[in-house]
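# Observations on the model geometry
Read off the chains here:
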Amino acid sequence: MGNRKSKKTGQVRSKRTRLIVVIAIVVILVVVGIVVGRSSHGSSGSTLEIITWDETTLSTLRGTPVVLNLWATTCGPCASELPYLEAVAQESEGEIKVVAINVGESVSRIQSFFGDYEPTMMLASDRNGEAFADYCQKYGNQGYIPFTLFIDSEGMVKHTKIGAFMSEGELWDTLEDVFGITIPGTS
């Protein structure tokens, strides 16, 4: 019986170690991307409203379904799906809250990424990666971005997706499957 407990403890440590290694790799890639990105993006005079993400923030969104997307500016697939998330934020007219949580980058880097554009979706920063690590651990993600969670109006995660949406239609199809929400004007 002692061997089972020891083996189980070793498995938990192994999973935790893998998660820490993956997060460390993501952080290193983000830091390298910031250094490289500074030479390719000018600074913007725009000041976007970017909140610091924590569990309290999620609880303030109760009552409305939430699409929570974790992303980074250095992630090509993340950047390619942001317009789909923004379109949903605009077209849903408040029926859905879309929150794009940047993982591991500074507010100034996020502002530089968006330039003068001010998104309809809520922008948040998980500068230290703690929220990302928590969501990964809770929902079976080994540290990949983009990572999207579909949270119902009661605050319960109903669906997760690891990887980018390939089209706005795919995102709307997922919203219909998970929440029964369709593109406004098509029902």
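Residues numbered from 1 in each chain as written. Predicted model: local features only at pLDDT ≥ 70, side-chain atom pairs only at ≥ 80, totals over all residues. Heavy atoms only, no water.

The next thing to look at is the state of the cysteines. Applying the stated criterion to the full structure yields one disulfide. The disulfide partner of Cys75 is Cys78, and the gap between their sulfur atoms is 2.3 Å. Looking along the S-S bond of the Cys75-Cys78 disulfide, the torsion reads about 80 degrees, which is the right-handed sense. Each member of the pair, Cys75 together with Cys78, is buried. (Disulfide = S-S within 2.5 Å. Buried < 20%, exposed > 50% of the residue type's maximum accessible area, 1.4 Å probe, protein only.)

Moving on, we come to the packing of aromatic side chains. Overall, the coordinates contain five aromatic pairs when judged by the stated rule. On the numbers, 5.9 Å between centres and 80 degrees between planes, the contact of Trp71 with Phe114 is edge-to-face. Pair noted here: Trp71 is in strand β2 (residues 66-71) and Phe114 is in helix α4 (residues 107-114), with a separation of 43 residues, a long-range link. Each of the two residues, Trp71 as well as Phe114, counts as buried. Relative to Phe165, the ring of Phe150 has its centre 6.1 Å away and its plane inclined at 85 degrees; by these criteria the two rings are edge-to-face. Here Phe150 is found in strand β5 (residues 147-151), whereas its partner Phe165 is found in the loop between β6 (157-162) and α6 (168-179), with 15 residues between them in sequence. The pair formed by Phe150 and Phe165 is uniform in burial state, with each residue classed as buried. Residue placement shows Lys161 over the ring face of Phe165; its charged tip is 5.1 Å from the ring centre. (Phe/Tyr/Trp six-rings, centres within 6.5 Å; stacked < 30°, edge-to-face > 60°. Helix = DSSP H or I, 4+ residues; strand = E, 2+ residues; numbered from the N terminus. Lys NZ or Arg CZ within 6 Å of the ring centre and 35° of its normal.)

Turning our eyes to something else, we now look at the nonpolar core. In this structure, Ile96, Val98, Met121 and Leu175 are the most contacted members of the largest nonpolar core, which totals 24 residues. If you list the elements that add at least two residues to this core, you get β2, α3 (76-91), β3 (97-103), α4 and α6. With five residues, the top contributor of residues to this core is α3. Leave out the neighbours within four places in its chain, and Met121 touches Leu82, Leu85, Glu86, Ala89, Val98, Ala100 and Phe114. Ranked by size, the runner-up nonpolar core spans 17 residues in total, among them Leu68, Ala131, Phe132 and Leu149. (Core = buried A, V, L, I, M, F, W, Y, C linked by side-chain atoms within 4.5 Å. Contact = heavy atoms within 4.5 Å.)

Bringing the environment of Glu86 into the picture now. Mapped onto the elements, Glu86 comes out in helix α3. Look at Glu86 and you get buried, because its relative accessible area is 6%. Separated by 33 residues in the primary sequence, Glu86 and Pro119 have C-alpha atoms spaced 6.7 Å apart. Sequence-distant contacts of Glu86, defined by excluding residues within four places in its chain, comprise Tyr117, Pro119, Thr120 and Met121.

Here we come to empty space enclosed by the protein. Scanning all chains against the criterion turns up one cavity of 30 Å³ or more. Put simply, the largest cavity is a space of about 40 Å³. As for the largest cavity, its lining consists of Leu58, Leu61, Arg62, Thr64, Val66, Ile151, Asp152, Ser153, Glu154 and Gly155. Across the lining of the largest cavity, the residue classes break down as four nonpolar, three polar and three charged. (1 Å grid on protein atoms, 1.4 Å probe; cavity = no way out; pocket = protein on both sides within 12 Å on 5 of 7 lines; lining within 4 Å. Points joined across faces, edges and corners; volume = space filled by probe spheres on them. Nonpolar A, V, L, I, M, F, W, Y, C, P; charged D, E, K, R; others polar.)

With that settled, the discussion passes to the packing of α3 against α6. It is the contact of α3 with α6, at a shortest axis distance of 9 Å, that shows an interaxial angle of 55 degrees. Relative to α6, the element α3 is oriented oblique. The crossing of α3 and α6 is right-handed. Facing α3, whose interface residues are Tyr84, Leu85, Ala87, Val88 and Glu91, α6 presents Glu168, Leu171, Trp172 and Leu175. Per-class residue counts for the contact of α3 with α6 are seven nonpolar, no polar and two charged. (Axes fitted to C-alpha atoms, helices over the stretch in contact; angles between N-to-C directions. Parallel < 35°, antiparallel > 145°, perpendicular 65-115°, else oblique. Left-handed = near helix turned anticlockwise from the far one by under 90°.)

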